[in-house]
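Overview (structure and organization)
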Amino acid sequence: MPKNKGKKRAHNESDAAANKQEATTTSSAEAAPITAEGEMPQKKFYRSRAHCNPLSFNEAFDYPTRPDLFDWTEDHYPEHPTLAQDDTEMSGFNSQSAAIRPDVLDVGCGFGGLTMALSHVLPNNTILGLEIRAKVTEYVRLRIVAQRKEHPGQYQNCSVMRTNAMKYLPNFFPKAALEKLFFCFPDPHFKRKNHPRRIVSERLLSEYAFLLKPEVGRLYCITDVKDLHDWHVEKCDAHPLFERLTEEEMEADPCVTLMKTETEEGKKVKREGRFGHDMYYQVYKRVDETLATSKEKVGLGSVTAANFFGEGEFGVEVQ
């Protein structure tokens, strides 16, 4: 048998070299983050799966037991426009910071295009983007920090938070605390068995109605999937606490234009012509419950506040 030519490297020498290289790579990664704080992040380093299952996402999220126990100025709005210097303490919080709370939510904000655009259009509101994916949330956070650094005094009324909006909204926001809720291009969950994962449903609409201010609150839905749009319209039309806005009312709302032009998916639809260049949207007003129980509402059908949780309603089967 011919002898192998050349010198073999010892096994322990190979392991030592591999360990040294791994240690060097690890130390370099720890020493140098992908994006330095205050610099604009590059989207290619923060790509993630488009969607995840919010009902089986078991990673732990931090959330307060009550909305009044969360200080929004600590990490999200440290230089909020309405935040004045006040050393008076109130229940452990600054008396000014205790009054600052988001009143506009961009649920599933993605890479933050709409969240940041709303900062300029709604300067008197406090905007919060909600995102369940860790890498995408970090991208939006770094993007906002970079814009705050580049444009002093701007973007102080917008921020982003990683959470599961299908589970924890009542832990962060009290009744009638919100003015606007945006659901832009959510996961369609095409399969019928996955429909409970959709962000607009009978149960969640009741939660959104609890959080929105009566007669002031607006719920925005936009998608490039016609079947999902029909689902949104069906569920919202049937709910006794939501009323559809007219085309004229929607055209007068600058936020409608923003959710078509500033969201990542909205730009893709225009650029690539996905699903036939069409975007389907509808806006609903949160009506006063005292009015909803006493008037006929178009599209309400047989659903009323009295029989809302009755058998045979909203998928509750009669045994």
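Here's a quick rundown of the structure. (Residues numbered from 1 in each chain as written. Predicted model: local features only at pLDDT ≥ 70, side-chain atom pairs only at ≥ 80, totals over all residues. Heavy atoms only, no water.)

The strand order across the open sheet built from seven strands is β5-β4-β3-β6-β7-β9-β8, with neighbouring strands paired in mixed fashion. The open sheet has two edge strands, β5 (158–162) and β8 (242–244), and neither has a second partner. If you compare each strand with its neighbour and ignore which way they point, the axes differ by 20° on average. As paired strands, strand β7 (residues 218–223) and strand β9 (residues 280–286) are joined by six bridges and run antiparallel to one another. Bridge pairing in β9 links Arg218 to Lys285. Taken strand by strand, helix α4 (residues 134–150) contacts β4 (127–131) and β5, and its axis lies near 160° from that of β5. Strands in contact with helix α9 (residues 254–261) are β6 (180–184), β7 and β9; relative to β7, the strand with the most contacts, it is inclined by about 30°. (Pairing = 2+ DSSP bridges. Helix = DSSP H or I, 4+ residues; strand = E, 2+ residues; numbered from the N terminus. Axes fitted to C-alpha atoms, helices over the stretch in contact; angles between N-to-C directions. Contact = heavy atoms within 4.5 Å.)

A cluster of acidic residues, Glu247, Glu248, Glu249 and Glu251, forms a negative patch at the surface. Tracing the chain through its elements places Glu251 in helix α8 (residues 247–251). (Patch = residues over 30% accessible without salt bridge, like charges linked within 9 Å, V, L, I, M, F, W, Y side chains within 5 Å. Areas by Shrake-Rupley, 256 points an atom, 1.4 Å probe, with all protein chains shown as cover. Salt bridge = Lys/Arg side-chain N within 4 Å of Asp/Glu carboxyl O. Lys, Arg positive; Asp, Glu negative; His and termini not counted. Charge placed at Lys NZ, Arg CZ, Asp CG, Glu CD.)

One finds Leu105, Phe173, Phe183, Tyr208 and Leu219 to be the most contacted residues of the largest nonpolar core, which totals 34 residues. Mapped onto this core, the elements with two or more residues apiece are β3 (104–107), β4, α5 (169–172), β6, α6 (202–211), β7 and α7 (226–238). Excluding anything up to four places from it in sequence, Tyr208 contacts Leu169, Leu181, Phe183, Ile199, Leu219 and Phe242. Leu122, Ile222, Leu245 and Leu258 belong to the second-largest nonpolar core, a separate cluster that totals 33 residues. (Core = buried A, V, L, I, M, F, W, Y, C linked by side-chain atoms within 4.5 Å. Buried < 20%, exposed > 50% of the residue type's maximum accessible area, 1.4 Å probe, protein only.)

Side chains that differ in sign of charge can pair as their charged atoms come close. Inspection of every chain in the model, using the stated rule, returns 12 salt bridges. Between Lys285 and Glu215 there is a salt bridge, and its shortest N-O distance comes to 3.4 Å. Placement of the pair is Lys285 in strand β9 and Glu215 in the loop between α6 and β7, with a sequence separation of 70 residues. Accessibility expressed as a relative area gives 16% for Lys285, which makes it buried.

What follows covers the pairing of β3. Burial of the side chains of β3 extends over both faces: Val104 and Asp106 are buried on one face and Leu105 and Val107 on the other. Of the pairings in the sheet, the one linking β3 to β4 comprises four bridges and is parallel in character. From the neighbouring strand, Leu105 faces β4, where its bridge partner is Leu128. Tracing the backbone out of β3, into helix α3 (residues 113–121) and back to the parallel element β4 gives a crossover that is right-handed. One ladder, built from four bridges, connects β3 with β6; its direction is parallel. Residue pairing for β6: Asp106 is matched across the bridge by Phe182. (Right-handed = clockwise from strand over helix to strand, strands pointing away.)

Quick look at α7 now. Here α7 contains 13 residues, and its C-alpha end-to-end distance of 18 Å stays within 8% of the 18 Å for a straight helix at 1.5 Å per residue. Within the span of α7, buried status applies to Leu228, His229, Trp231, His232, Val233, Lys235, Cys236, Asp237 and Ala238. If you follow the buried residues of α7, they end up packed against α6, β7, β8 and β9. (Expected span 1.5 Å × (residues − 1).)

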